[in-house]
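Chain by chain, the residues run as shown.
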Amino acid sequence: MARPTADGYAGMYVHFDGYPDSKLPLLLAAYQHRFAGDVEAMARHLIDEVRHGWEELGTDLLDGAPAGLRRSLTGGEEYPSRQLTNVYNTDGTPAERELITQDGTEDLEWAYVLHESGIEVIGLLAYNRGPVIGWDTDPRSRIVADPGAWNPDSPAPVVPPRTAPRLSATAPASAPAPRKAARR
């Protein structure tokens, strides 16, 4: 999780399941509901208020989201966000807080940069920048997890969910009466 800087980005490490098909829906819903569209509040929570990074981002990021959306994204499973704790240097001394920048991503697969206009998803195994997904994107969208699909010069591999027409419990008044089957 990172915010843009003058020469790239800086942010905090997230250990568990950084693939966009799991992280992007969570982040989009968090922005839209828990943080009520305040990207700076979201960045403070995910970056500034964290000592060493995240073990895992949890369903507490969905606080304020409608129950149906929450169920759709989690399958009903609930788990808290957890920060990394007890982080030490190789010599046994406690580690200092360290931001990850674009120059220190050699062992990482994904970066998520929180811009005012949306979230930039960078497949670090293939690119050094990525497409920006608008904050108004439906969190239930189908999202591709292949780093090669996140070409910064191509549309993002995000497919909005299909919406089915609402079916009425009663037939409209102008609907013709059902025809009886012919008897033979």
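Described in the following lines is the structure provided in the data block. This one's a predicted model, so the numbers in the text were calculated from it and none came from an experiment. (Residues numbered from 1 in each chain as written. Predicted model: local features only at pLDDT ≥ 70, side-chain atom pairs only at ≥ 80, totals over all residues. Heavy atoms only, no water.)

What about the pairing of strand E2 (residues 8–11)?
(1) Moving on: Two elements, strand E1 (residues 2–5) and E2, share four bridges in a ladder whose sense is antiparallel. Counted as the bridge partner of threonine 5 is glycine 8 from E2.
(2) Moving on: Here E1 hands over to E2 after two residues, the two strands then running antiparallel side by side. (Pairing = 2+ DSSP bridges. Helix = DSSP H or I, 4+ residues; strand = E, 2+ residues; numbered from the N terminus.)

Considerations on the environment of isoleucine 47
(1) Moving on: Mapped onto the secondary structure, isoleucine 47 falls in helix H2 (residues 39–48).
(2) Moving on: According to the relative accessible area criterion, isoleucine 47 is buried, its value standing at 1%.
(3) Moving on: In contact with isoleucine 47, other than residues within four places in its own chain, are Met1, Ala2, Arg3, Ala10, Gly11, Met12, Arg97, Leu99 and Leu114. (Buried < 20%, exposed > 50% of the residue type's maximum accessible area, 1.4 Å probe, protein only. Contact = heavy atoms within 4.5 Å.)

Regarding the packing of aromatic side chains
Any two aromatic rings considered together are summarised by their centre-to-centre distance and by the angle between their planes.
(1) Moving on: With the rule as written, the count across this model stands at three aromatic pairs.
(2) Moving on: Each ring, one from tyrosine 19 and one from tryptophan 110, has its centre 6.4 Å from the other, and the planes form 70°; the classification is edge-to-face. Remark: tryptophan 110 occurs in strand E6 (residues 110–114) and tyrosine 19 occurs in the loop between E2 and helix H1 (20–34); sequence separation between them is 91 residues.
(3) Moving on: Here tryptophan 110 and tryptophan 150 contribute two aromatic rings whose centre-to-centre distance is 6.4 Å and whose plane-to-plane angle is 90°, an arrangement assigned as edge-to-face. Here tryptophan 150 lies in the loop between strand E9 (142–143) and strand E10 (158–159) and tryptophan 110 lies in strand E6, a separation of 40 residues in the sequence. You'll find tryptophan 110 and tryptophan 150 in the same group, each marked buried.
(4) Moving on: Following the ring pairs from residue to residue traces out a cluster consisting of Tyr19, Trp110 and Trp150. (Phe/Tyr/Trp six-rings, centres within 6.5 Å; stacked < 30°, edge-to-face > 60°.)

Points about the pairing of strand E7 (residues 118–123)
(1) Moving on: Taking burial as the measure, the six residues of E7 include six buried ones, the bulk of the element.
(2) Moving on: Where E6 meets E7, five bridges bridge the pair, whose relative direction is antiparallel. Looking across to E7, one finds that alanine 111 is bridged to isoleucine 122.
(3) Moving on: Turn length for the E6-E7 hairpin, with the two strands adjacent in sequence and antiparallel, is three residues.

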